[in-house]
Amino acid sequence: MIGNGSDFSKNPLLVFWETTRACPLSCRHCRASAISHPLEDELSHEEGIDLMEGIAAFGQPRPVVIMTGGDCMMRSDLVELVREGRNRQLSIALSPAASSLLETRKLAELRSLGIRSLSLSLDGSTAETHDRIRGIEGHFGETLKAASRLVAMGFSVQINTTVMPDNVEQLADIALILRQLGIKIWEVFFLVTVGRGEQLKELSPEQNEDVCNFLAEMTRHGFTVRTVEAPFFRRILAKRARGAPMAHEADGEAHGELYRRLMERASLLLGLPQRDVVSSNVPTRDGKGIIFVSQNGEVYPSGFLPYSVGSVRSKSITDIYRNSRTLISIRNGEFRGRCGVCEYRDVCGGSRSRAFSHSGDVLAEDPGCAYIPHSS
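Just so it is clear, the model here is predicted, and its values are computed rather than measured. (Residues numbered from 1 in each chain as written. Predicted model: local features only at pLDDT ≥ 70, side-chain atom pairs only at ≥ 80, totals over all residues. Heavy atoms only, no water.)

(A) Representation of the pairing of strand E3 (residues 91-94). Pairing analysis gives four bridges linking strand E2 (residues 64-68) to E3, with the strands arranged parallel. In the sheet register, Ile66 faces E3, and the bridge partner there is Ala93. For the segment spanning E2, helix H2 (residues 78-87) and E3, crossover handedness is right-handed. (Pairing = 2+ DSSP bridges. Helix = DSSP H or I, 4+ residues; strand = E, 2+ residues; numbered from the N terminus. Right-handed = clockwise from strand over helix to strand, strands pointing away.)

The following block contains the structure:
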């Protein structure tokens, strides 16, 4: 059974399918460099059905399919593809853009097919910040309205936030918005400079550490917090859950200034925490429990790691996932540098996407991690 500490050598936990590159937004950090119309080489309807068939062929436990984009709502055959997937007993979640395409009638139809989970992106606590990052004036208000409507319709709503220098100081305020909306699942993406994100700046390793410690504290406020391209969050969760000191404490230093500012703001907005730190993350990473299928069928360890390991147009996704030499090396933890000797190599393993972005080496150490392994 797939779960904490499980072996993902046979079946991934999550299959992300970039159903299209088409999207009504023009986000500054878009990993897909999404455009306003579908590309000519996009998987056809029949190829999409074949992909669903291929994912179902993994057998039990079947992976969860996350249909993303671009904006998955711009696939005219989205409902039919969902129906085909559900007919094959696949669990499916959607990651659309907040736009006029989120029509109540189509959402009700998708819900009738068994869609229960959707995610929306909120990249700032103010219209100024969110709209600047998302590239459309008025999108902040549209996102809040969409989130509220989805909650009212009975969907489990997840909010995705890409953290970067432009919005990092607003994380506590974003947490307050989630509380006000009644949303408890928060997935925080740590920027990797791919796609249009190449023009932006990542947080420093020390800032990443501060943000992860802050996010660990947010679990004490009832949020289920997940991270993308920050697997070192699991190291911090594990240490915090057993009462170990933060990295700054262990090094004999004070907490980072960013952490202190975020916590002061959170105390003001959210009050006192009501429970202990919750450590419940499954130890997946790019290529280990996670696989990404692009709009043209190329398969990558993740959407932020543009290193193809095959194409579903020429091989089955089960064959690619189970037998790719690159994916096997990732799953075996055959890393270089600090990641290769780290005692948290299995539970974390570093962001393979960030390693590749900075070095061109999928197995290099993650330059976004501040931790110095005891064995190095």
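(B) Up close: the pattern of salt bridges. A complete count under the given rule lists 19 salt bridges for this structure. With a shortest N-O distance of 3.8 Å, Arg83 and Glu109 are connected by a salt bridge. Taken as a pair, Arg83 in helix H2 and Glu109 in helix H3 (residues 104-112) lie far apart in primary sequence, 26 residues in all. Assessed through its relative accessible area of 32%, Arg83 is described here as partly exposed. One salt bridge connects Glu84 with Arg88, and the closest N-O pair in it is separated by 2.8 Å. (Salt bridge = Lys/Arg side-chain N within 4 Å of Asp/Glu carboxyl O. Buried < 20%, exposed > 50% of the residue type's maximum accessible area, 1.4 Å probe, protein only.)

(C) Summary view of helix H1 (residues 45-56). With twelve residues, H1 should reach 16 Å at 1.5 Å per residue; the first-to-last C-alpha distance of 17 Å fits that figure. Burial in H1 covers these residues: Gly48, Ile49, Leu51, Met52, Gly54, Ile55 and Ala56. In this structure, the buried residues of H1 make contact with strand E1 (14-18), E2, H2, E3, strand E9 (289-293) and helix H11 (317-323). (Expected span 1.5 Å × (residues − 1). Contact = heavy atoms within 4.5 Å.)

(D) Quick peek at H2. Within H2, burial applies to Leu78, Val79, Leu81, Val82 and Gly85. Looking straight down H2, one finds that the buried residues subtend no more than 160° of arc, so they occupy a single side. Backbone geometry just after H2 places Gln89 at a positive phi near 65°. (Arc of directions from axis to C-beta.)

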